[in-house]
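Residue-level structural notes
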Amino acid sequence: FGLLYLRNGRWCRRQVVSAQWVKESTTAHHITNYKPGVGYGYLWWVNGDSSYFAWGTGGHYVLVIPQRQLVIVNRVNTDVPGRRIDDTLFGEIVQRILAAKS
């Protein structure tokens, strides 16, 4: 799903989601109190013009960073007690990935 959005709705040379919808849904339409600079689009949290992410319960994330051509996915087995991660820990994971990719 993250790759589909990174590619502006294209999959295997086929447009399966309109590029206009990708742009519209990853544009912040609501300002939130979550963190400074973060808004909400259509089911995507939007971090200015630099990235957007889907955020599920327990630490499920799909982060798309178009400028780096990068998608980061974190899945958690939330059936196991204590296996959840919060946004701070996910942020640390992202920072380590970005540092390794540099």
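Above this text is the structure in question.
What comes next concerns the included structure. Just so you know, these numbers come straight off a predicted model, no measurement behind them.

1. Details of the overall build of the chain
Scanning the chain from terminus to terminus reveals three helices and eight strands. In the chain, the order of α-helices and β-strands from amino to carboxyl end is α-β-β-α-β-β-β-β-β-β-α. With respect to the three principal axes, the spread of C-alpha positions in the chain is 40 × 30 × 30 Å. Taking all 102 residues of the chain together, the buried fraction comes to 33%.

2. Here's the deal with the nonpolar core
Counting residues in each nonpolar core, the largest one holds 13 residues, and the members touching the most others are L63, I72, F90 and V94. Elements supplying a minimum of two residues to this core: strand 7 (60-65), strand 8 (70-74) and helix 3 (87-101). Each residue touching V94, except ones within four places of it in the same chain, is listed here: L63 and I72. In terms of nonpolar packing, the next biggest core, distinct from the first, is built from 10 residues, Y5, V22, W44 and Y52 among them.

3. Considerations on the pairing of strand 7
Within strand 7, six of the six residues are buried, which leaves it mostly tucked inside the rest of the structure. Taking the residues between adjacent antiparallel strands as the criterion, strand 6 (residues 51-56) and strand 7 are bridged by three residues, where G58 takes a positive phi near 80°. Relative to strand 8, strand 7 is paired through five bridges, and the arrangement is antiparallel. Each bridged residue has a counterpart across the sheet, and for L63 the counterpart in strand 8 is I72. What sits between strand 7 and strand 8 in their antiparallel hairpin is a turn of four residues, with Q69 showing a positive phi close to 50°.

Reading guide: rules and limits
- Residues numbered from 1 in each chain as written.
- Predicted model: local features only at pLDDT ≥ 70, side-chain atom pairs only at ≥ 80, totals over all residues.
- Heavy atoms only, no water.
- Helix = DSSP H or I, 4+ residues; strand = E, 2+ residues; numbered from the N terminus.
- Buried < 20%, exposed > 50% of the residue type's maximum accessible area, 1.4 Å probe, protein only.
- Core = buried A, V, L, I, M, F, W, Y, C linked by side-chain atoms within 4.5 Å.
- Contact = heavy atoms within 4.5 Å.
- Pairing = 2+ DSSP bridges.

Structural measurements only, silent on function.
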